[in-house]
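# Structure assessment
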Amino acid sequence: MLPDPQRFLAVSGRRIARAEGAAQVVRELCLSTVPDLADGVFVYLAEQRRDPDGPLRLLLDGPPAELGGLMGGAPPAVAPVSSDGVLAGFLRCGRARGRGPDDIEEALRELLGSAPRLPQGNRVLLAPLRAPDAVVGVAVFLRRMDREDFVADDIALADALAAQAALGVSEDTDAPQVRPAAPRAPDEDRLRYVGAATRRIARGFDTDEIVLGLCRAAVPTYSDAALVYLRDPLPVGDERPAGPAVLRLRRTDRIKGPGAEGLVWPAETVDDEQDDLDAADWSEVVPGGALAEVLRGVRPVFADDPATRAALSELVGEDSALNGWAGTHAILAPLRGRRRVTGAVIFLRRPERPAFEPADLLVAAQLATHTALGVDKAVLYSREAFIADRLQRAMLPHSLPRPTGVRLAVRYLPAAETARVGGDWYDAIPLPGSRVALVVGDVMGHSMTSAAVMGQLRTTALTLAGLDLPPQEVLHHLDEQAQRLGTDRMATCLYVVYDPVSHRITVANAGHPPPILLHPGGKTEVLAVPPGAPIGVGGIDFEAVELDAPAGATLLLYTDGLVESRLRDVWTGIEQLRERLAATAQLTGPDRPPPLEALCDEVLDMLGPGDRDDDIALLAARFDGIAPSDVAYWTLEPEDSSPGRARRLTRQALAGWGLEELTDTAELLVSEIVTNAVRHASRPISLRLLRTDVVRCEVGDDVPQLPRLRRASPEEEHGRGLFLVNRLARRWGTTRLGTGKIVWFELGGSGA
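Residues numbered from 1 in each chain as written. Predicted model: local features only at pLDDT ≥ 70, side-chain atom pairs only at ≥ 80, totals over all residues. Heavy atoms only, no water.

Once that is clear, we can look at the overall build of the protein chain. The helix and strand inventory of the protein chain stands at 17 helices and 27 strands. The burial tally for the protein chain puts 51% of its 752 residues in the buried class. When contacts within the protein chain are restricted to residue pairs at least 6 apart in sequence, those whose partners lie at least 24 apart make up 68%. Carbon and sulfur atoms make up 51% of the accessible area of the protein chain, which totals about 34600 Å². (Helix = DSSP H or I, 4+ residues; strand = E, 2+ residues; numbered from the N terminus. Buried < 20%, exposed > 50% of the residue type's maximum accessible area, 1.4 Å probe, protein only. Contact = heavy atoms within 4.5 Å. Areas by Shrake-Rupley, 256 points an atom, 1.4 Å probe, with all protein chains shown as cover.)

Before going further, it helps to examine the packing of aromatic side chains. A complete count under the given rule lists five aromatic pairs for this structure. Aromatic pair Tyr222 and Phe347: ring centres 5.2 Å apart, planes at 90°, arrangement edge-to-face. Pair noted here: Tyr222 is in the loop between α7 (207-218) and β7 (225-231) and Phe347 is in strand β12 (residues 341-348), with a separation of 125 residues, a long-range link. Judged by relative accessible area, Phe347 falls into the buried class, the value being 0%. Between Tyr498 and Phe623, the ring centres sit 4.1 Å apart and the planes meet at 20°, which makes this aromatic pair stacked. Placement of the pair is Tyr498 in strand β16 (residues 491-499) and Phe623 in strand β22 (residues 616-623), with a sequence separation of 125 residues. Across the pair, exposure class does not vary: Tyr498 and Phe623 are buried alike. A connected cluster of aromatic rings, assembled from ring pairs, spans Tyr193, Tyr222, Phe347 and Phe356. (Phe/Tyr/Trp six-rings, centres within 6.5 Å; stacked < 30°, edge-to-face > 60°.)

Per-residue pLDDT for the protein chain averages 81, and the proportion of residues at 70 or more is 85%. Below pLDDT 50 for its whole length, residues 257-275 participates in 32 contacts with residues either more than four positions away or in separate chains. (pLDDT = per-residue confidence, 0-100.)

What follows deals with the sheet that holds strand β17 (residues 504-510). Strand order in this open sheet of five strands is β14-β15-β16-β17-β20, and the pairing throughout is antiparallel. Every interior strand has two partners, whereas the edge strands, β14 (424-430) and β20 (544-548), have only one. The mean inter-strand angle of the sheet, taken between neighbouring strand axes irrespective of direction, is 15°. Pairing of β14 with strand β15 (residues 436-443) involves seven bridges; the strand directions are antiparallel. By the bridge assignment, Ile429 is partnered in β15 with Ala437. (Pairing = 2+ DSSP bridges. Axes fitted to C-alpha atoms, helices over the stretch in contact; angles between N-to-C directions.)

Attention now goes to helix α8 (residues 290-297). Inspection of α8 places Leu291, Ala292, Val294 and Leu295 among the buried residues, and these make up the whole buried set. Burial along α8 is one-sided: seen end-on, the buried residues are contained in an arc of 165°. Looking at the buried side of α8, the elements it contacts are β8 (246-254), β9 (282-284), β10 (301-303), α9 (306-316), β11 (327-336) and β12. Just past α8, the residue Val298 takes up positive phi, approximately 75°. (Arc of directions from axis to C-beta.)

Strand order in the open sheet formed by five strands is β23-β24-β25-β27-β26, and the pairing between neighbours is antiparallel. Here the strands that pair on one side only, and so sit at the sheet edges, are β23 (631-636) and β26 (731-737). Across this sheet, the average inter-strand angle for adjacent strands is 15°, counted without regard to direction. Relative to strand β25 (residues 695-701), strand β24 (residues 685-691) is paired through six bridges, and the arrangement is antiparallel. Looking across to β25, one finds that Leu689 is bridged to Cys697. On top of the sheet, helix α15 (residues 642-656) reaches β23, β24 and β25; it is set at about 165° to β23, its chief contact. Sheet strands in contact with helix α16 (residues 663-680) are β23, β24, β25 and β27 (740-747), and its direction is about 170° off that of β27.

Turning next to the pairing of strand β6 (residues 135-142). For β6, the buried fraction is high: eight of the eight residues fall into the buried class. Sheet analysis places strand β1 (residues 40-46) next to β6, joined by six bridges and oriented antiparallel. Note on β6: the bridge partner recorded for Gly40 is Leu142. Of the pairings in the sheet, the one linking strand β5 (residues 124-130) to β6 comprises seven bridges and is antiparallel in character. The residue bridging Pro128 from the neighbouring strand is Val138, located in β6.

This part takes up the pattern of salt bridges. This model, assessed by the stated rule, comprises 28 salt bridges. Close ionic contact of Arg504 with Asp548 constitutes a salt bridge, the shortest N to O distance being 2.3 Å. Highlighted residues: Arg504 in strand β17 and Asp548 in strand β20, separated in sequence by 44 residues. Given a relative accessible area of 26%, Arg504 falls into the partly exposed group. Salt bridges sharing common partners tie together Arg688, Arg696, Glu698, Arg730, Arg731 and Glu746. (Salt bridge = Lys/Arg side-chain N within 4 Å of Asp/Glu carboxyl O.)

Of all hydrophobic cores here, the largest spans 52 residues; its most connected members are Leu438, Leu475, Leu478, Ile505, Leu555 and Phe623. Excluding anything up to four places from it in sequence, Leu555 contacts Leu438, Val496, Ile505, Pro515, Ile516, Leu517, Leu527, Leu619, Ala620, Ala621 and Phe623. Core analysis: the second largest hydrophobic core is formed by 33 residues, Ala197, Phe302, Ala372 and Val379 among them. (Core = buried A, V, L, I, M, F, W, Y, C linked by side-chain atoms within 4.5 Å.)

In terms of residue burial, strand β13 (residues 406-413) counts as a mostly covered element, since six of its eight residues are buried. In this structure, β13 lies alongside β22, joined through eight bridges in antiparallel fashion. Across the sheet, Ala409 pairs through a bridge with Ala620, a residue of β22.

In this fold, Leu45 is placed in strand β1. Distance in space between the C-alpha atoms of Leu45 and Leu58 is 5.4 Å, their sequence separation being 13 residues. When sequence neighbours within four positions are dropped, the list of residues in contact with Leu45 reads Ala22, Val26, Arg57, Leu58, Leu59, Asp61, Leu129, Val136, Gly137 and Val169.

At the junction of Val219 and Pro220, the peptide bond is cis and its omega measures out at 5° in the coordinates. A cis amide bond links Asp232 with the next residue in sequence, Pro233, at an omega value of 0°. Here Pro233 lies in the loop between β7 and β8. If you check the backbone angles, His503 has positive phi at about 55° while not being a glycine.

This is the structure we're talking about:
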């Protein structure tokens with residue numbers, strides 16, 4: 001049994017309902033059920049019969065999905081159904097069945113013959129695809145022998161998904177089927193049409209899909225043409241629109257093929273996706289005008305009186321040829337949502353076709369009501385999704401730092417429209433000593449709560465990184481923080497510290513997919529790091545490993561949405577990602593690594609088309625490092641002669657680098673900072689110079705208090721050192737360490 005059958009049914013049913021065409025419906029049925037509900041699925045669809053009383057045959061729809069070794073032979077492509085056989089009786093019952101009390105062996109033999117070998121036990125389900133009017137096929141669900149039997153809840157899920165798929169197959173507009181001219185008497189036909197049409201409208205997920213569903217449901221069964229106008233902009237919730245209401249033409253549809261020549265729009269201008277009718281693109285609703293009065297009335301009306309004809313003319317334009325559609329061959333139906341009118345729809349029939357009847361106004365009212373409510377919900381969802389997306393992006397870094405010796409590139413992609421909110425995050429945090437922390441994490445779940453927990457954990461990680469704790473200690477404190485947030489707050493995280501001077505990385509992992517290293521020569525390697533347990537489990541000791549990070553190598557950190565989906569497991573996805581990196585590196589050759597931005601784009605291309613199941617965070621780091629010849633390091637005793645020695649060492653290092661023009665400024669600033677350190681330190685002081693595109697000077701001591709920039713009064717003898725640093729340095733800053741602090745400044749570069 002699935003852990004959350006209601007959520008599974010909601011997500012899978014929505015995917016099937018959104019599919020267009022029988023082939024797509026069957027495909028979504030297979031993708032939705034494998035491997036969560038079953039390990040294999042194959043579907044037979046009923047053959048279209050010219051003679052309704054002729055024999056029924058079932059045709060295998062495409063190859064079986066993900067069967068693997070479940071069957072010893074292939075299922076037959078065609079299965080005739082005897083009207084008095086067990087299979088026919090099973091199809092007529094319309095309910096999914098398995099082995100056990102509902103033995104289906106004889107029905108399986110009639111369907112598949114004796115060649116295929118099926119799993120033993122109750123690991124086979126037979127589910128008829130029964131539409132409201134007829135059986136349109138049958139689905140067979142299989143499970144492997146190492147998996148538990150189907151239980152009653154599993155059978156109910158299969159039955160519900162089969163019914164949803166049957167509805168989609170029966171409404172396939174591409175399949176040959178006979179359409180009635182109009183839903184006329186008896187009333188049972190009209191009610192059946194309304195039920196099918198409203199289901200089709202309800203399948204829409206956004207405004208465009210809902211409007212498309214209305215047009216496709218109305219044309220040609222109910223009307224020969226339909227025009228849908230919506231307010232622009234559409235009001236959201238309880239907000240009151242400012243200014244006059246404007247209705248904009250959102251979509252039109254009309255009949256195609258033979259019989260369409262008599263309509264007032266030229267057939268050669270018709271596009272299969274969007275018809276172009278002779279109507280105004282927009283119309284302003286004038287207060288007190290004819291159109292405003294019709295919209296205020298809410299109910300659909302015939303264009304058989306001067307007031308309604310004037311409203312129709314105001315909507316489509318005075319010069320439109322559609323004004324000739326008057327009387328009971330045209331219906332104008334307001335689209336009223338929960339609180340206000342959000343648009344209008346026009347239904348038209350040709351003069352030679354029977355006019356609309358009074359009962360058809362009830363049909364128009366049902367179609368308009370369901371469409372308006374659907375548009376309301378779509379607008380609200382779109383706004384909520386927009387807010388959630390903006391909130392989540394606001395909690396991610398707005399820009400990346402530019403740490404010394406490493407180049408960075410990132411990508412973030414939200415999940416599919418049905419679950420845009422997630423908990424993936426990334427970060428690049430400068431650390432003391434020109435190091436940088438690279439972080440990628442993923443909070444489990446897809447909700448606003450997941451996004452909120454992500455923001456809290458990211459803030460905690462930033463704070464812990466500022467304390468310069470080892471990677472394993474950072475994960476330990478994140479684990480404690482997650483437990484304080486709640487017992488079910490779990491996340492995976494990868495924390496990497498890169499030192500450009502030593503060309504090494506230190507990696508600690510909390511249940512996250514391992515990083516991949518692209519070496520300068522094009523070799524790719526999945527780094528062997530301890531997997532660890534996810535953050536939030538509690539009581540886990542995290543381990544850290546130290547690895548080489550040669551200059552020119554590229555480290556790729558990512559979340560599981562990039563490598564895991566319903567169609568592949570994590571390790572298969574990781575191997576595909578490694579192969580994609582290797583193939584991309586070959587394009588530029590062994591002597592030139594691929595550009596970071598292009599590399600990220602190539603990596604994301606492995607996703608392929610379709611909705612993503614999870615959001616994706618991707619962080620790529622190109623290690624340039626700092627050569628030993630560009631590093632100078634000394635230790636100074638906390639004594640009065642140290643500032644003078646620091647000045648001499650700085651002058652010698654800059655002369656060796658050919659940067660004599662920076663000597664005077666560098667000596668002055670080094671002297672001020674070292675003098676301040678000597679005044680307060682009790683242990684040796686460190687002095688380090690780094691040459692990259694700028695010259696960076698770092699002075700470390702054992703005093704944890706950070707100096708503050710202030711303006712000294714004329715009477716004071718001290719307090720002007722940082723003022724000089726602030727005025728003369730390109731950049732400067734202070735960082736607290738566990739054993740003291742570092743004061744640094746930079747000189748040179750384009751900003752000098």
